[in-house]
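Close look at the chain arrangement
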Amino acid sequence: MRKPTKALVAGIMAVGFATAAQAPAHADGRLDEGRFMVVTSNSPDSAKPFGARTTGPQMLRFGYRACAELDRHPASAVAATQALYGQRTNPEWARQQVVFYAAQYLCERHWDRYKSTV
């Protein structure tokens, strides 16, 4: 394996072990923090709280903040995204994706908002 691949595998394993070792009390359902970290790792810097300098733990805390905003705005995921990012305009797609991933992996109680009604 090349060095970058080894580092990526080691990083994913570390996140997996950390996920198994600790679980926040305020989360519900099956926690999947490792998957949240993987899917948001390719998000553009504009969707991360500290841009390119955002660390894994910072992104995870940001995901749980997204859950808290979804709690505060039960009628609108867009309003929750706007509150999370502190903006008044329609949030860009990448920012909405971060909130979507938080609902999918960190706070399953909000996952129904995104399920299809077909």
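Residues numbered from 1 in each chain as written. Predicted model: local features only at pLDDT ≥ 70, side-chain atom pairs only at ≥ 80, totals over all residues. Heavy atoms only, no water.

**Comments concerning the confidence of the model for the chain**
Under the convention used in this document: pLDDT measures how confident the predictor is about each residue, on a scale from 0 to 100. For the purposes of this entry, the term helix denotes a DSSP run of H or I that reaches at least four residues, the term strand denotes a run of E that reaches at least two, and both are numbered from the N terminus. A contact between two residues is defined here by any heavy atoms of the two lying within 4.5 Å.
For the chain, the average pLDDT comes to 80, and 71% of its residues sit at 70 or higher. At the low end of the mean pLDDT range in the chain sits helix 1 (residues 3-21), at 51; at the high end sits helix 3 (residues 56-72), at 96. Predicted confidence for residues 17-25 stays below pLDDT 50, and this span has seven contacts to residues more than four positions away or in other chains.

**Quick notes on the packing of aromatic side chains**
Stated formally: To pair, rings of Phe, Tyr and Trp, with the six-membered ring standing in for Trp, must have centres within 6.5 Å; the planes then decide the type, stacked if under 30 degrees apart, edge-to-face if over 60, and tilted in the middle.
Taken as a whole and assessed by the stated rule, the structure comprises four aromatic pairs. Each member of the aromatic cluster is reached from another via a ring pair, and the members are Phe-100, Tyr-101, Tyr-105 and Trp-111.

**Structural notes on the packing of helix 3 against helix 4 (residues 77-85)**
Worth spelling out the cut-off: Axis definition: a line fitted to C-alpha atoms, limited for helices to the stretch in contact. Angles are taken between N-to-C directions and run from 0 to 180 degrees. Roughly parallel means an angle under 35 degrees; roughly antiparallel, over 145; roughly perpendicular, 65 to 115; everything else is oblique. Take the far helix as the reference: if the near one is turned anticlockwise from it by less than a right angle, the crossing is left-handed, and if turned clockwise, right-handed. Nonpolar residues are Ala, Val, Leu, Ile, Met, Phe, Trp, Tyr, Cys and Pro. Charged residues are Asp, Glu, Lys and Arg, and all others, Gly as well, are polar.
Between helix 3 and helix 4, the least distance of the axes is 9 Å, while the angle of their chain directions is 130°. Relative to helix 4, the element helix 3 lies oblique. Between helix 3 and helix 4 lies a crossing of right-handed hand. Counted together, Phe-62, Arg-65, Ala-66, Glu-69 and Leu-70 of helix 3 and Ala-77, Ala-80, Ala-83, Leu-84 and Tyr-85 of helix 4 form the full contact between these two elements. Tallied by class, the residues present in the contact of helix 3 with helix 4 amount to eight nonpolar, no polar and two charged.

**Focus: helix 4**
Heads up, the rule is: Only protein chains enter the calculation, and the probe is 1.4 Å; a residue is then buried if its accessible area is under 20% of its type maximum, exposed if over 50%, and partly exposed in between.
If you check which residues of helix 4 are buried, you get Ala-80, Thr-81, Gln-82, Leu-84 and Tyr-85. Close packing links the buried residues of helix 4 with helix 3 and helix 5 (93-105). With its phi angle positive at about 65°, Gly-86 sits one or two positions after the end of helix 4.

**Structural notes on the state of the cysteines**
So the rule is basically this: The criterion for a disulfide is a pair of cysteine sulfur atoms lying within 2.5 Å.
Applying the stated criterion to the full structure yields one disulfide. Residue pairing for Cys-67: its cysteine sulfur links by disulfide to Cys-107, the two sulfurs lying 2.2 Å apart. Here Cys-67 and Cys-107 share a disulfide; its torsion about the S-S bond, -90°, makes the bridge left-handed. One end of the pair, Cys-67, is in helix 3; the other, Cys-107, is in the segment after helix 5, and 40 residues separate them in sequence. Looking at Cys-107, the relative accessible area reads 0%, which means it is buried.

**A few points about the nonpolar core**
Filter applied, for reference: Each nonpolar core is a collection of buried residues, namely Ala, Val, Leu, Ile, Met, Phe, Trp, Tyr and Cys, held together in the definition by side-chain atoms within 4.5 Å.
If you look at the biggest cluster of nonpolar residues, it comprises 23 residues, and the most contacted ones within it are Phe-36 and Leu-106. Of all elements in the fold, only helix 2 (33-40), helix 3, helix 4 and helix 5 reach the threshold of two or more residues within this core. With eight residues, the single largest contributor to this core is helix 5.

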